[in-house]
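Survey of secondary and tertiary structure
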Amino acid sequence: MSMIGAVPPSTERETRQRQLLGLGRLILQQARAGQWDAVRLADHRLAQLVESLRLQPALWQALMPARDQVRHWHQEAFALCQQETALRKQEWDALSLKREGLQAYDEAQTWA
């Protein structure tokens, strides 16, 4: 039986593991750097990889340790995203209050 064109199962697992860990690490690094557009793109790539890996149950199961690590990194990146979102909301709320104050002042000047 010829092995031309066939990928040995261990090589496939190692390749997919490297891809999975690489994307997980990339997402966390980008989140730590505040590169949110890059996080979104890498997260999309990770979702596509996971979708394709789930179609291969044996491989998906073999990648459990790598999946656990990526899940941990992803949760950390998500927490950073939530912190950033909360900060931006505070800034937006502060600006909205200032705007309302300026509008009220402008109306008071108009009446005077």
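You'll find the structure just up there.
Quick caveat: nothing in here was measured; it's all calculated off a predicted structure. (Residues numbered from 1 in each chain as written. Predicted model: local features only at pLDDT ≥ 70, side-chain atom pairs only at ≥ 80, totals over all residues. Heavy atoms only, no water.)

A word on the overall build of the chain. Summing up its helical and strand segments, the chain has four helices and zero strands in all. For the chain, the C-alpha radius of gyration of 24 Å lies well beyond 13 Å, the compact-globule estimate for 112 residues. The principal-axis extents of the C-alpha atoms in the chain amount to approximately 95 × 20 × 20 Å. Going through the 112 residues of the chain one by one, you find that 20% of them count as buried. Summed over its atoms, the accessible surface of the chain is roughly 8,500 Å², and 58% of this surface lies on carbon and sulfur atoms. In the chain, 14 positive and 13 negative side-chain charges are present, and the distance between their average locations comes to 9 Å. (Helix = DSSP H or I, 4+ residues; strand = E, 2+ residues; numbered from the N terminus. Rg over C-alpha atoms; globule rule 2.2 N^0.38 Å. Buried < 20%, exposed > 50% of the residue type's maximum accessible area, 1.4 Å probe, protein only. Areas by Shrake-Rupley, 256 points an atom, 1.4 Å probe, with all protein chains shown as cover. Lys, Arg positive; Asp, Glu negative; His and termini not counted. Charge placed at Lys NZ, Arg CZ, Asp CG, Glu CD.)

The next subject is the environment of Arg18. One can find Arg18 in helix H1 (residues 9–32). Judged by relative accessible area, Arg18 falls into the exposed class, the value being 56%. With 48 residues separating them along the chain, Arg18 and Ala66 place their C-alpha atoms 8.7 Å apart.

Below, the discussion takes up the pattern of salt bridges. If you walk through the whole model with that rule in mind, you get six salt bridges. In this structure, the salt-bridge partner of Lys89 is Asp93, at a minimum N-O distance of 2.9 Å. On the criterion of helical spacing, the pair formed by Lys89 and Asp93 is a turn pair, its members being four residues apart in helix H4 (residues 64–111). One salt-bridge network, held together by shared partners, links Glu84, Arg88 and Glu91. (Salt bridge = Lys/Arg side-chain N within 4 Å of Asp/Glu carboxyl O.)

In this section: H1. For H1, which comprises 24 residues, the first-to-last C-alpha distance of 35 Å matches the rise-based estimate of 34 Å (1.5 Å per residue) to within 8%. Listing the buried residues of H1 in full gives Leu20, Leu21, Leu23, Gly24, Ile27, Leu28, Gln30 and Ala31. Within two residues after H1, Gly34 carries a phi angle of roughly 75°, on the positive side. (Expected span 1.5 Å × (residues − 1).)

To continue, consider the nonpolar core. The biggest cluster of nonpolar side chains holds 18 residues, and the ones touching the most others in it are Leu20, Ile27, Leu46, Leu53 and Val70. When residues in this core are grouped by element, the largest group, six residues, is from H1. Setting aside residues no more than four positions away along its own chain, Leu46 makes contact with Leu20, Leu23, Ile27, Val70 and His74. (Core = buried A, V, L, I, M, F, W, Y, C linked by side-chain atoms within 4.5 Å. Contact = heavy atoms within 4.5 Å.)

Here Gln30 shows up in helix H1. Among the residues examined, Gln30 registers a relative accessible area of 11% and is labelled buried. Those residues in contact with Gln30, other than ones at most four positions away along the chain, are Gln35, Ala38, Val39 and Ala42.

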